[in-house]
Amino acid sequence: MNIKVMIVVGARPNFMKAAPLIRALRGYHNSVTRDPASASRTTVSAGIQVVLVHTGQHYDSVMSDSFFADLSLPAPDIHLAVGSGSHASQTAEIMTRFESALLREMPDVLVVVGDVNSTLACGLAAAKICSDVPGTRPIIAHVEAGLRSFDRSMPEEINRILTDHLSDLLFVSEDSGLRNLASEGIPAEKIHFVGNTMIDSLLASRDRARASRILDVLGLTRGGNGSVSPVAPYALLTIHRPANVDDRGSLLSILDGLDEVARECAVIFPAHPRTRNRVREFGLEDRFEWGSQGRDSNGWDRAGQRGLIRLIEPLGYLDFLRLMMEARLVVTDSGGIQEETTCLGVPCVTVRSNTERPVTVETGTNVLAGTSEEGIRNAIRRQLKSSSHHCLPEGWDGKAAIRIVDVLLRTCEDRRSIELRPVRQPPNPPLQTASPVAP
Ligand code: UD1
C-alpha cells in the first residue's frame, strides 16, 4: 500500500512538533522490518510519501530557517510564502494557496499541528475539498488536539476548537485534552492519547543542545580554570502574546514585575519581532540592554546591577534549548515553553491568567502569575525559592510520533479496505410533490 501524507508547518512552534513525525514516517518502513511487534500491529508494507508544506506564516531566518537546520528538517516540498497579515487575511491567503496545493497533490492524510493560523487554515481547506469524482478528501489529523484555555479572546483557542471539530483523528498530548474533547461531544473513536511530539524533539535534541556555545556568546559562563565553566545564574524571558505586548500599560506592568529579578541576575530576552517592534513604538528602549554581542565574563554582573533586561535576537532551537536547560528560572507567555520547562525540571512563571496545558501546573514546574506587576514579582520569588518536585506527564517519553504514525497507518489501512474517504453529504432533500392543481 502506498500512502501520501502531507504535513503542514507555518510558524515557529510548529517546526519542533512536526519534525519527529517526519522522521517517524520516513523511518517507519525500516522499523517495521526491524521490530516484529510493530509489524504485527499493521500490515503496511509499502511506501509512505511525505509531502512537507510550509505556509510561510513565519519567514525570517531566525523565526523559520534556523529551525529547519537545527531540527534537521528537510526543505519544504511546497512553500506557500503567505507572510504576515491580519488574522482574516492571513488565514484566507493560506486557504487559497493551500487549496491549489492540496488539489494537485491529493494526499491520503493531512497532518496539521498545534494551534496557529496555518493549522486552522489548512485543516479547513482540506475539510471542504473534494476531488471531483468520486468525492473524496484526505483524512485530517490534528496533533496536539484537545487543549483548551477556555479563553476565546485568544486566536489560538479559536484555532484549536475549530481544528478539532473538523479533524478525523485527534492526537492528544495530556489528560485534560481527553476530558475537553469528550465534553465537546467528539466521538471517542477519533481520539488517541499519544503524548507530546514537542517533547520528542526536546529529548532527541538535548545532547546536541549541550554543544551550543550560546552561554559563552552571551557571557554567561565565568572563565573557570577547568574544562567546565561555571554558569552564572540567569533568568530567561520570552513575551510575545498580543494581549501582553500590544498595549503599552500591559507591557510596562510585566517589565515592572521583572525589575526585582533583573537586579539580582541577568535576564536574557530573545525577543519576538512583534515585541521588539512594540518596545520601539512605545519608547521603552531604555528598559533594555540591546544586542547579542559577546561580553566579558563578568558582564552579566554589571547588567544585573543596572537592572536591565538583555534584549537579543530570537534564537535558534538548539541555542534556546541550551539556555532553558541552564536557566535558574524561565518567565514566558508561550504555550510550548511551559511544556519544555516541565520536561527539563526548570521553574517556569507563566505571564498569563490561564493555560491550555494544565498538566504543566499540576505535575510540572509551571505557575500561573497573571499579568499584574505584583503577581509576576510574587510568582518569581516563590519559584526562585521552590525546590522543584515535578514528574513527567504520561506519554512525554520521546515516542509520541511513533504512536501517531501507528494510528495513521492503521486508519489508512481500514479506510482503504472499504475504498473510500467519503465527503459526508447531507441526504438529498425529499422531492417535493407538486401541489395538486385545482381543476
Ligand atoms: C504566532 C501564533 C502564536 C505562536 C507564535 C510563535 C497565531 C494566531 N499565532 O503568533 O500562537 O505562539 O506564532 O511565534 O498563529 N513577524 C516577523 N517575522 C516572522 C513572523 C512574524 O517579523 O517571521 C512579525 C510580523 O510583524 C507579524 C508579527 O510578527 O505581523 C506576528 O506574526 P504572526 O504570524 O501573525 O503571529 P505571531 O505573533 O508570531
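Below you will find a few notes about this structure.

Rules and cut-offs
- Residues numbered from 1 in each chain as written.
- Predicted model: local features only at pLDDT ≥ 70, side-chain atom pairs only at ≥ 80, totals over all residues.
- Heavy atoms only, no water.
- Axes fitted to C-alpha atoms, helices over the stretch in contact; angles between N-to-C directions.
- Helix = DSSP H or I, 4+ residues; strand = E, 2+ residues; numbered from the N terminus.
- Left-handed = near helix turned anticlockwise from the far one by under 90°.
- Contact = heavy atoms within 4.5 Å.
- Nonpolar A, V, L, I, M, F, W, Y, C, P; charged D, E, K, R; others polar.
- Pairing = 2+ DSSP bridges.
- Near = heavy atom within 4 Å.
- Polar contact = N/O pair within 3.5 Å; in protein donor to acceptor, adjacent residues only side chain to side chain.
- Areas by Shrake-Rupley, 256 points an atom, 1.4 Å probe, with all protein chains shown as cover.
- 1 Å grid on protein atoms, 1.4 Å probe; cavity = no way out; pocket = protein on both sides within 12 Å on 5 of 7 lines; lining within 4 Å.
- Sits in = over half its atoms within 2 Å of the grid points.
- Domains from an automatic or database assignment.
- Buried < 20%, exposed > 50% of the residue type's maximum accessible area, 1.4 Å probe, protein only.

The next subject is the packing of helix α11 (residues 248–264) against helix α17 (residues 373–385). Each pair of packed helices can be summarised by the angle the axes make with each other and by the distance between the axes. Between α11 and α17, the least distance of the axes is 7 Å, while the angle of their chain directions is 30 degrees. Read as a crossing pair, α11 and α17 show a hand that is right-handed. For the pair α11 and α17, the contacting residues are S253, I254, D256, G257, L258, E260, V261 and E264 in the first and E373, I376, R377, I380, R381 and L384 in the second. Residues of the contact of α11 with α17, tallied by class, amount to 6 nonpolar, 2 polar and 6 charged.

Two pairing modes exist for strands in a sheet, parallel and antiparallel, and in both the strands are linked by backbone hydrogen bonds. Taken together, the 7 strands give an open sheet; going across it, the order is β10-β11-β9-β8-β12-β13-β14, and neighbouring strands pair in parallel fashion. With partners counted over all chains shown, the strands left at the sheet margins are β10 (288–290) and β14 (366–368), one partner each. Taking each pair of neighbouring strands and ignoring which way they run, the sheet shows an average axis angle of 25 degrees. Of the strand pairs in this sheet, strand β8 (residues 234–238) and strand β12 (residues 329–332) are connected by 4 bridges, and their pairing is parallel.

What follows concerns the site of the ligand. Around the ligand, 17 residues are found, and the nearest of them are Q57, H58, Y59, E156 and H272. Within the contact set of the ligand, an oxygen atom lies 2.7 Å away from a side-chain nitrogen or oxygen of H58. A distance of 2.7 Å separates an oxygen atom of the ligand from a polar side-chain atom of H272. When the free accessible area of the ligand is taken as 740 Å², the share hidden by the protein chains comes to 86%. The pocket occupied by the ligand, as judged from atoms lying within 2 Å of grid points, is the largest pocket. Only α1 (12–34), α4 (87–105) and α12 (273–281) provide two or more residues apiece to the shell around the ligand. Here the residues of the shell around the ligand are counted per class, giving 5 nonpolar, 8 polar and 4 charged. The residue makeup of the shell around the ligand includes at least three contributed by each of domain 1 (3–196 + 395–419) and domain 2 (213–385).

Okay, the sheet that holds strand β5 (residues 139–145) next. Spatial strand order, β3-β2-β1-β4-β5-β6-β7: 7 strands in an open sheet with parallel pairing. Strands with a single pairing partner mark the edges of an open sheet, and in this sheet they are β3 (78–79) and β7 (191–193). Where strand β1 (residues 3–9) lies against strand β4 (residues 109–113), 4 bridges are found, and the strand directions are parallel. When the bridges of β4 are listed, V5 appears paired with V109. Here α4 sits on the sheet in contact with β1, β2 (48–54), β3 and β4, set at roughly 165 degrees to β1.

What follows is about the pairing of β8. Counting buried positions along β8 yields 5 of 5 residues, so the element is predominantly enclosed. Neither face of β8 is left uncovered, since the one carrying Y234, L236 and T238 and the one carrying A235 and L237 both have all their residues buried. As judged from the 3 bridges shared by β8 and strand β9 (residues 266–270), these two strands associate in the parallel manner. Considered in β9, the bridge of A235 is made with V267.

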